[in-house]
Amino acid sequence: MAHAEPAFKLKIANLSLFVLYVNTTDMAQLKNQLDTRVNKTHNFFSNTPVALDLSAIANSNISPDFADLMSFMLDHGMHATGVIGGSTEQREAAVQSGLGLFPDTIVKPTVKTAPIPTTAPSITPNAEKNNAPELPEFGLTIETNNSNVLDSDTQRQNPVSQVPPTFRPTMIINKPVRTGQRIYAEGSNLVVLGVVNAGAELIADGDIHIYAPLRGRAIAGAQGNENARIFVHSLEAELISVAGCFKVFENGIPENLRGKPVQVHLNGSDLIIQPLLS
Amino acid sequence: MSKVIVVTSGKGGVGKTTTSASFSSGLALRGNKTVVIDFDVGLRNLDLIMGCERRVVYDIINVINGEVTLKQALIKDKNCDNLYILPASQTRDKDALNLEGVERILNELKESFDCIVCDSPAGIESGAFTAMYFADEALVVTNPEVSSVRDSDRILGILAAKSKRAVDGLDPVKEHLLITRYDPKRVEAGEMLSVTDIQEILRIPLIGVIPESESVLQASNAGTPAIHLDKSDVAEAYRDVVGRFMGDEGLPMRFVTVEKKSFFKRLLGGR
Ligand SMILES: Nc1ncnc2c1ncn2[C@@H]1O[C@H](COP(=O)(O)OP(=O)(O)OP(=O)(O)O)[C@@H](O)[C@H]1O
Ligand SMILES: [Mg+2]
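Residues numbered from 1 in each chain as written. Chains lettered and ligands numbered in written order. Predicted model: local features only at pLDDT ≥ 70, side-chain atom pairs only at ≥ 80, totals over all residues. Heavy atoms only, no water.

## Describing the packing of helix α6 (residues 126–133) of chain B against helix α7 (residues 146–162) of chain B
All names here are of chain B.
Point 1. Between α6 and α7, the least distance of the axes is 11 Å, while the angle of their chain directions is 55 degrees. Between α6 and α7, the interaxial angle falls into the category oblique. Here the hand of the crossing between α6 and α7 comes out right-handed. Together, Phe 129, Met 132 and Tyr 133 of α6 and Ile 155, Ile 158, Leu 159 and Lys 162 of α7 make up the contact between the two elements.
Point 2. Looking at the contact of α6 with α7, its residues break down into 6 nonpolar, no polar and 1 charged. (Axes fitted to C-alpha atoms, helices over the stretch in contact; angles between N-to-C directions. Helix = DSSP H or I, 4+ residues; strand = E, 2+ residues; numbered from the N terminus. Parallel < 35°, antiparallel > 145°, perpendicular 65-115°, else oblique. Left-handed = near helix turned anticlockwise from the far one by under 90°. Contact = heavy atoms within 4.5 Å. Nonpolar A, V, L, I, M, F, W, Y, C, P; charged D, E, K, R; others polar.)

## Some thoughts on the pattern of salt bridges
Point 1. With the rule as written, the count across this model stands at 19 salt bridges over all chains.
Point 2. One salt bridge connects Lys 76 of chain B with Asp 81 of chain B, and the closest N-O pair in it is separated by 3.3 Å.
Point 3. In this structure, Asp 136 of chain B and Arg 165 of chain B form a salt bridge, with 3.0 Å as the shortest nitrogen-oxygen distance. Note that Asp 136 of chain B is positioned in the loop between α6 and β6 (137–142) and Arg 165 of chain B in helix α8 (residues 164–167), a separation of 29 residues in sequence.
Point 4. You can call Arg 165 of chain B partly exposed: its relative accessible area is 21%.
Point 5. Each member of the salt-bridge network shares a partner with another, and the members are Arg 215 and Glu 236 of chain A together with Glu 200 and Arg 203 of chain B. (Salt bridge = Lys/Arg side-chain N within 4 Å of Asp/Glu carboxyl O. Buried < 20%, exposed > 50% of the residue type's maximum accessible area, 1.4 Å probe, protein only.)

## Some details on helix α2 (residues 66–75) of chain A
Because an α-helix packs 3.6 residues into every turn, residues spaced three or four apart end up facing the same way.
Residues and elements named next belong to chain A.
Point 1. Residues Phe 66, Leu 69, Phe 72 and Met 73 constitute the buried set of α2. In an axial view of α2, the angular spread of the buried residues amounts to 125 degrees, which keeps them on one side of the axis.
Point 2. Buried residues along α2 sit in contact with β1 (18–21), α1 (27–37), β2 (48–53), β3 (78–84) and α3 (88–96).
Point 3. Just downstream of α2, Gly 77 is the residue with a positive phi angle, here 85 degrees. (Arc of directions from axis to C-beta.)

## Let's talk about the sheet that holds strand β8 (residues 201–204) of chain A
Residues and elements named next belong to chain A.
Point 1. Taken together, 5 strands build an open sheet; the order of strands is β6-β8-β10-β12-β13 and the sheet is mixed. Unpaired on one side and paired on the other, β6 (182–185) and β13 (245–248) mark the two borders of the sheet. Averaged over all neighbouring strand pairs, the angle between strand axes comes to 5 degrees, with direction disregarded.
Point 2. Taken together, the 3 bridges between β8 and strand β10 (residues 217–220) define a ladder with parallel strand orientation. Bridge pairing links Ile 203 to Ile 219 in β10. (Pairing = 2+ DSSP bridges.)

## Brief notes about the interface of chain A and chain B
The extent of an interface is frequently quoted as the accessible surface area lost upon association of the parts.
Point 1. In this complex, chain A contributes 12 residues to the contact, which on the side of chain B involves 12 residues.
Point 2. Contact with chain B buries area across many residues of chain A, yet Arg 178, Thr 179 and Arg 215 of chain A alone supply 55% of it, more than any other trio.
Point 3. Put simply, chain A and chain B have 3 salt bridges between them.
Point 4. Measuring nitrogen to oxygen at the nearest pair gives 2.8 Å for the salt bridge that ties Asp 153 of chain B to Arg 178 of chain A.
Point 5. One can count 8 residue pairs in polar contact (both at pLDDT 80 or more) joining chain A with chain B.
Point 6. In the side of chain A that touches chain B, the residues fall into 3 nonpolar, 5 polar and 4 charged. (Buried area = accessible area lost by both parts, 1.4 Å probe. Polar contact = N/O pair within 3.5 Å; in protein donor to acceptor, adjacent residues only side chain to side chain.)

## Let's talk about the confidence of the model for chain B
Point 1. Summing up the model confidence of chain B, the mean pLDDT is 93 and the portion of residues at 70 or higher is 94%.
Point 2. The ipTM, which scores confidence in the relative placement of chains, is 0.80 for this predicted complex, and the corresponding pTM is 0.72. (pLDDT = per-residue confidence, 0-100.)

## As for α7 of chain B
Residue and element names in this part refer to chain B.
Point 1. Here α7 contains 17 residues, and its C-alpha end-to-end distance of 24 Å stays within 8% of the 24 Å for a straight helix at 1.5 Å per residue.
Point 2. All buried positions along α7 are accounted for by Ser 148, Val 149, Ser 152, Asp 153, Ile 155, Leu 156, Gly 157, Ile 158 and Leu 159.
Point 3. Buried residues along α7 sit against β1 (3–8), α6, β6, α8, β7 (174–182) and α10 (195–202). (Expected span 1.5 Å × (residues − 1).)

## Details of the environment of Pro 213 of chain A
Point 1. You can see Pro 213 of chain A is positioned in strand β9 (residues 208–214).
Point 2. For Pro 213 of chain A, a relative accessible area of 7% gives the class buried.
Point 3. Along the sequence, Pro 213 of chain A and Gly 98 of chain A sit 115 residues apart, while their C-alpha atoms lie 41 Å from each other.
Point 4. With near-sequence residues (within four places) excluded, Pro 213 of chain A lies in contact with Val 195, Val 196, Ser 234 and Glu 236 of chain A together with Glu 200 and Arg 203 of chain B.

## Some points on the packing of aromatic side chains
Point 1. Tallied over the full model, the rule gives 5 aromatic pairs over all chains.
Point 2. Measuring from ring centre to ring centre gives 5.4 Å for Phe 18 of chain A and Phe 246 of chain A, while their planes differ by 75 degrees; the resulting arrangement is edge-to-face. On the criterion of sequence distance, the pair formed by Phe 18 of chain A in strand β1 and Phe 246 of chain A in strand β13 is long-range, its members being 228 residues apart.
Point 3. For Phe 18 of chain A, a relative accessible area of 16% translates into the label buried.
Point 4. Among the aromatic residues, those joined into a cluster by ring pairs are Phe 129, Tyr 133 and Phe 134 of chain B.
Point 5. The ring centre of Phe 113 of chain B lies 5.0 Å from the NZ or CZ of Lys 33 of chain B, which sits over that ring. (Phe/Tyr/Trp six-rings, centres within 6.5 Å; stacked < 30°, edge-to-face > 60°. Lys NZ or Arg CZ within 6 Å of the ring centre and 35° of its normal.)

## Description of the pairing of β1 of chain B
A regular strand carries its side chains on alternate faces of the sheet.
Residue and element names in this part refer to chain B.
Point 1. Most of β1 sits inside the fold, with 5 of its 6 residues counted as buried.
Point 2. For β1 and strand β5 (residues 115–119), the ladder comprises 5 bridges, and the chain directions are parallel. If you follow Lys 3 over to β5, its bridge partner there is Cys 115.
Point 3. The pairing of β1 with β6 spans 4 bridges and is parallel. By the bridge assignment, Ile 5 is partnered in β6 with Glu 137.

## Some points on the site of ligand 1
All names here are of chain B.
Point 1. Around ligand 1, 15 residues are found, and the nearest of them are Gly 13, Lys 16, Thr 17, Thr 18 and Arg 181.
Point 2. At 2.9 Å, a backbone N or O of Gly 13 approaches an oxygen atom of ligand 1.
Point 3. The backbone of Pro 211 places a nitrogen or oxygen atom 3.0 Å from a nitrogen atom of ligand 1.
Point 4. Coverage of ligand 1 by the protein amounts to 80% of the 630 Å² it exposes when considered alone.
Point 5. The biggest single contributor to the shell around ligand 1 is helix α1 (residues 16–29), with 3 residues.
Point 6. Broken down by class, the residue content of the shell around ligand 1 amounts to 5 nonpolar, 6 polar and 4 charged. (Near = heavy atom within 4 Å. Areas by Shrake-Rupley, 256 points an atom, 1.4 Å probe, with all protein chains shown as cover.)

What follows is the structure, encoded as structure tokens:
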């Protein structure tokens, strides 16, 4: 045979992932609530990879029936891929059921402790200047996620607050984002000038601005920046999320927000959607 | 300069082949040397709608494999002098339709044709991709229902990101929205999306609206493209589409509202 092309390439990709936080070992209760929240007919999840975070039940000596939970989740369009945290027994049981193991603890980027350089360019047109939230830490978390295969875990544990923030220019998309398309502004803000249709997905590590209807999903602060915000010209979204806190609109968007210009931000763990008053 | 035009949709059964047949016939009637290619390998039916199925000897895959020349495979249309059909194979394996082979054929066709119309198969897999890859312009065929609009949206995304024009960084593929099987009565009753609803989602220029009509089935049974029908809304609508494509100005968008039985309104050409 002639000289073969490399048949594969192995890389660490920095994908955003849904995490299901398991707060109880009572699987009946969990399934029951999941059933109510994730309406099967709505097709919100469709073979979507989801990680199970077991930290809240790590002290229990009960291991959930993962096989059963996985098939229940699959039934709701969620494809359980692996577990985060949990006791040794629980992690063992997860592996037995064919789940993978994520590193024990996901270290959130320590955004809050990072010094804000006074010279930092104000690229975030935040509405409330007097009470300006800290700038998103461009590049901070990226540093820890370079495509370095083996030591990515250990690097993640390092305090990243000493790394001086680097500047990544805003990503600007000036055409429609359509069903099936996904845009990721890695380490930066994202500005979209065209319509974002149902089934399209925007992800940014910083803020997201959409000067058109948002009908798909928008995920800001994808690496955990809790100060990230979303600004939308016309809210018609399927999902919005800031730093992992998300909201789906199964029963439609409330009248006072639907089709309106809004901003979205986090207050603690509450996702706040506010009409933008001009 | 010759143009490659793909007729595509994502969703199946929305009227791509019906449109390819009438659109290519209309282009030929307007004096363009035109060829229409069936990319639906395994499910060919363009030849049925063009009424030339009995004259199919060779097909596009014979040409790609170098078994026959293009000239041998092209079939001359029975209604229009300027029109040729390149049929799909009914039996061969879909993978035989590779990008290099298709590019070679298109380049050869460009030497003698003004317009090359590609009838895409449904779906977003390799067949549909091959049909759209080399396109300069696209007719995105959409029915007034949510699933069809969604699929068109997806196809538009692929055209914008993965077509040869996109990959090579050339001017983007020129997109045209063609709404077919439009039934104003059902739209007014709220059972189907309106032209405005569809445009609001897809946001590309509208090239025409083809009404729902039984005459389409009759035409296809007769092996005559609908554009040749006498006194038919569908034929007129397709002629308008060809006109707009050719740059005719001031053609009103017809057949989008429920026909009022007013003789004068019709006389004045209003809606
Ligand atoms: N304007 C119309 N009014 C009524 N029926 C129509 C109209 N256009 C198409 N049809 C009918 O819809 C069916 C599908 O049409 P056609 O084969 O052109 O679609 P297609 O998109 O090419 O399908 P496929 O995806 O299978 O290739 C046919 O039965 C045809 O007669
Ligand atoms: Mg067809």
